[in-house]
Amino acid sequence: MANYRDIESTLIHGGIFGDPLTGAVNVPIYQTSTYRQEGIGLNVKWEYSRTGNPTRAALEALIAELEGGTAGFAFASGMAALTAVLSLFREGDRILISSNVYGGTYRVLDKVFRQFGIQYGIADTADLSALEAAITPDVKAILVESPANPLMTVTDLAAVSALAKRRGILSIVDNTFMTPYLQQPLKLGADIVVHSATKYLGGHSDLVAGLVVVNSDALAERLAFLQNATGGVLGPFDAFLLIRGIKTLALRMDRHVENAQRAAEWLKGNPAVKLVYYPGLPDDPGYEINRRQARNGGAMISFELDEKHDFRRFFTSLKLVTLAESLGGVESLVCHPATMTHAAIPRELRVKVGITDKLIRLSVGIESIDDILADLEQAVRESEV
Ligand SMILES: *Cc1c(COP(=O)(O)O)cnc(C)c1O
C-alpha cells in the first residue's frame, strides 16, 4: 500500500494500480468464476469468484485505503452490503437507527431481520442524551447516516462512536451521501462504514454496488466469512466500472458541492420556498458539527414549496432536472421521498420525523449551475396555483 499525501492521488493510484502481467494501467476485468489449481490444496490464492476475484479485490483494497480502514468488501448493492453487516447480529440483539435513514435500511430491518429475532429501535441520533437513554442492554449497534436521508440531519459521528465504544457496542456509518472524499467516519472512531456505491462513488448512474470498510482484524474476518457465506458479491465488470468512477471522485464532488451551495442559497432566497434542508448553509442546525467532521455540506438538498405552489406540478415541469430514484450521478435528479425512497416507512412515522408529502429531494448534478437554476426557476413558476 503506497501512501499518498492527499486523497486526490489515492483515488487514482490507490488499492492495486494496473496489471503486473501486461503493464496495463487499468486493472483488467477478470471475468471468470473459477481458477485452475496446480494440485489439490495448492495455489489457493484464488479459488472461486464468490470468495475472491482480482478485479473485485482491487476495488476492495482501494475503498479500504480511501476510508482509512484495513479491509474492504464489495457487494452487489448497498442493500447487500447492509445485509451482510446486519448478519453480524443474532436473535435478541437490537440495532438503533436514526429517525431518518434510507427507506430500504428501515425496510430490511422491519421486514427481514425482525423475522429472525433481530430487533431495531429508532432514536434521534442528533440528540446524544436521547440516544444514550435508548441504549438498553440488548442494543448491540448504532447505525447512522450523516447527513441523513432525506432531511440532511447531521449526527456528531465522533460523539456517537465514542458513546458506542463506551457502551461496548458497534457504531456503523452509512457514508453514501458524503463519500470518503468529504468525510471519513473510521477516522472519527466508527467501527464500520457502509456505502451504496451506486451513488457518488460510481457517479454515473450506470451501476448498482455496495461497499463495506472496517479497521479491525476481527470484524474483517467475520465480514469476509459473511460475504462468502451469503454471496451477494459484486461482479468483475461492475467492480471495474466502480474503480473507473472513483478515479474522478474529487473532481466530481468539488463541482457537485459548488453547484449545491449555489442551489441551496438560491432556494433559501426564493419566496416560494418554505423550508430548505442543507448542512452547508450557516443557519442550518447541523452546520457547525458537519463542518467539524466533513469537508463541506455535500450536494444533497431537500426543500418544501409554500402553499401557493403545487409540488406535483413542480416535478412534472422540470426539464433538465430529472425525476428519478437514486442520487449522486453527474446529472441532477429530483425525487419525492414520501412515495419513492421512503415509501417503505409508514406515513405516520414519516410525517412525525418531518418527511412530509410535500418534501422534495434534489441531488445536484455537475451541469452548468445557471442551467440548473433556470430549470428550477421555471418549474417553480409553472407550479404556482
Ligand atoms: C441508495 C442507498 C442505499 C441502498 O443502496 P443500493 O445500492 O440502492 O442497494 C443505502 N443507503 C443510502 C444512504 C442510500 O442512498
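Note: the structure precedes this text.
As the structure is a prediction and not an experimental result, all values here were calculated from the model.

Here is what the cut-offs are and how they apply
- Residues numbered from 1 in each chain as written.
- Predicted model: local features only at pLDDT ≥ 70, side-chain atom pairs only at ≥ 80, totals over all residues.
- Heavy atoms only, no water.
- Helix = DSSP H or I, 4+ residues; strand = E, 2+ residues; numbered from the N terminus.
- Rg over C-alpha atoms; globule rule 2.2 N^0.38 Å.
- Buried < 20%, exposed > 50% of the residue type's maximum accessible area, 1.4 Å probe, protein only.
- Areas by Shrake-Rupley, 256 points an atom, 1.4 Å probe, with all protein chains shown as cover.
- Lys, Arg positive; Asp, Glu negative; His and termini not counted.
- Charge placed at Lys NZ, Arg CZ, Asp CG, Glu CD.
- Pairing = 2+ DSSP bridges.
- Axes fitted to C-alpha atoms, helices over the stretch in contact; angles between N-to-C directions.
- Contact = heavy atoms within 4.5 Å.
- Salt bridge = Lys/Arg side-chain N within 4 Å of Asp/Glu carboxyl O.
- Polar contact = N/O pair within 3.5 Å; in protein donor to acceptor, adjacent residues only side chain to side chain.
- Right-handed = clockwise from strand over helix to strand, strands pointing away.
- Expected span 1.5 Å × (residues − 1).
- Core = buried A, V, L, I, M, F, W, Y, C linked by side-chain atoms within 4.5 Å.

Engineer: Please give an account of the overall build of the protein that cites residues and values.
Structural biologist: The helix and strand inventory of the protein stands at 14 helices and 12 strands. At 21 Å, the protein has a C-alpha radius of gyration in line with the 21 Å of a compact globule built from 385 residues. In terms of overall dimensions, the protein has a C-alpha envelope of 75 × 50 × 35 Å along the principal axes. When each of the 385 residues of the protein is scored for burial, the buried share is 55%. Accessible surface computed for the protein: about 16,400 Å², of which carbon and sulfur atoms make up 53%. Of the charged side chains in the protein, 37 are positive and 44 negative; the average position of the first set lies 3 Å away from that of the second.

Engineer: An account of the sheet that holds strand β1 (residues 71–75) is requested, with residue identities and associated values reported.
Structural biologist: Pairing is mixed across the open sheet formed by 7 strands, whose spatial order is β1-β7-β6-β5-β4-β2-β3. Where the open sheet ends on each side, the last strands, each with one partner, are β1 and β3 (119–123). Between one strand axis and the next, the sheet turns through 20° on average, direction left out of account. Contacts between helix α3 (residues 78–86) and the sheet are confined to β1, β2 (94–98), β4 (139–145), β5 (170–174), β6 (192–196) and β7 (210–214), with β6 contributing the most and set at about 155° to the helix. In this fold helix α6 (residues 157–166) packs onto β4 and β5, with an angle of close to 150° to the strand it touches most, β5.

Engineer: Outline the side chain of Arg361, supporting the account with residue identities and numerical values.
Structural biologist: Residue position: Arg361 is located in strand β12 (residues 360–363). Notably, Arg361 is buried but unbridged: the nearest opposite-charge side chain belongs to Glu325, and the N-O separation is 6.1 Å. Separated by 3.0 Å, the side chains of Arg361 and Asn149 make a polar contact.

Engineer: With reference to specific residues and values, describe the sheet that holds strand β11 (residues 333–335).
Structural biologist: Two strands in a sheet stick together by hydrogen bonds in their backbones, pointing the same way (parallel) or opposite ways (antiparallel). Read across the sheet, 5 strands follow the order β8-β9-β12-β11-β10 without closing on themselves; strand pairing throughout is mixed. Each edge of the open sheet carries a strand with a single partner, namely β8 (273–277) and β10 (322–323). Direction of pairing for β10 relative to β11: parallel, over a ladder of 2 bridges. What sits directly across from Leu323, in β11, is Val334. Packed onto the sheet, helix α10 (residues 249–268) meets β8 and β9 (300–305) and runs at close to 15° relative to β9.

Engineer: So what's going on with the pairing of β3? Residues and values would help.
Structural biologist: Judged from the 5 bridges that link them, β2 and β3 form a sheet pairing that is parallel. Along β3, the bridge assignment pairs Leu96 with Gly121. Regarding topology, helix α4 (residues 103–112) serves as the crossover connection from β2 to the parallel β3, and that connection is right-handed.

Engineer: Give a description of helix α2 (residues 54–67) that names residues and reports values.
Structural biologist: The end-to-end C-alpha separation of α2 is 20 Å, in line with the 20 Å expected for 14 residues at 1.5 Å each. Summarising burial for α2: 13 of the 14 residues are buried, a large majority. The residue sitting at the N-terminus of α2 and contributing the capping side-chain oxygen is Asn53; that oxygen lies 2.9 Å from the backbone nitrogen of Thr55. One or two steps after α2, the chain reaches Gly68, where phi turns positive at roughly 70°.

Engineer: Report on the nonpolar core, specifying residues and quantitative values.
Structural biologist: In this structure, Leu59, Leu242, Ile301, Phe303 and Phe314 are the most contacted members of the largest nonpolar core, which totals 69 residues. Residue contributions to this core peak at 8 residues, all from α10. Filtering out sequence-adjacent residues up to four positions away, Phe303 remains in contact with Leu267, Val273, Leu275, Val276, Phe314, Lys358, Leu359, Ile360 and Leu362. Counting 33 residues, the second largest nonpolar core, distinct from the first, contains Ala81, Val85, Tyr106 and Leu219.

Engineer: I'd like a description of the side chain of Glu367, backed by residues and values.
Structural biologist: Tracing the backbone through its elements, the reader meets Glu367 in the loop between β12 and α14 (369–382). With residues up to four places along the chain from it excluded, the contact list for Glu367 reads Arg255, Asn259, Leu320, Val330, Glu331, Ser332 and Ile372.

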